[in-house]
Amino acid sequence: MRTRRMSKEQGKRCNISRFPNFHKSGSIKGMKRIYYGLDALLVRCGDYIYNVSSEPNIYYQASI
């Protein structure tokens, strides 16, 4: 499963900590299937993966 990446500095600027998240060791496929939906937009920042579907502009700012 694909996620985009964002540096910790970028994450702080856009206040990414306010979004639902899970640890990077968790299953992206499982979280999408069970909790977020298959079309969820996920961004990895540091040790966590955040669901930024409510603000897609954050997803498109992040690098691939």
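These numbers were taken from a predicted model, which means no experiment stands behind them.

Chemist: An account of the nonpolar core is needed here, citing residue identities and associated values.
Modeler: Membership of the largest hydrophobic core is limited to twelve residues, which are M6, C14, I16, F19, L41, V43, C45, Y50, V52, I58, Y59 and A62. Contributions of two or more residues to this core are made by strand 3 (42-45) and helix 3 (56-61). Ignoring any residue separated from it by four or fewer positions in sequence, one finds F19 in contact with Y50, N51, V52, S54, E55 and I58.

Chemist: Describe the packing of aromatic side chains, naming the residues involved and giving the relevant values.
Modeler: All chains considered together, the criterion is met by two aromatic pairs. Geometrically, the ring pair formed by Y59 and Y60 is edge-to-face, given 5.2 Å between the ring centres and 85° between the ring planes.

Chemist: Go over the environment of Q10 with me, naming the residues and quoting the values.
Modeler: Summarising the element assignment, Q10 is placed in helix 1 (residues 8-13). Exposure remark for Q10: the relative accessible area of 31% places this residue in the partly exposed category. Separated by 52 residues in sequence, Q10 and A62 have C-alpha atoms that sit 8.6 Å apart.

About the thresholds
- Residues numbered from 1 in each chain as written.
- Predicted model: local features only at pLDDT ≥ 70, side-chain atom pairs only at ≥ 80, totals over all residues.
- Heavy atoms only, no water.
- Core = buried A, V, L, I, M, F, W, Y, C linked by side-chain atoms within 4.5 Å.
- Buried < 20%, exposed > 50% of the residue type's maximum accessible area, 1.4 Å probe, protein only.
- Helix = DSSP H or I, 4+ residues; strand = E, 2+ residues; numbered from the N terminus.
- Contact = heavy atoms within 4.5 Å.
- Phe/Tyr/Trp six-rings, centres within 6.5 Å; stacked < 30°, edge-to-face > 60°.

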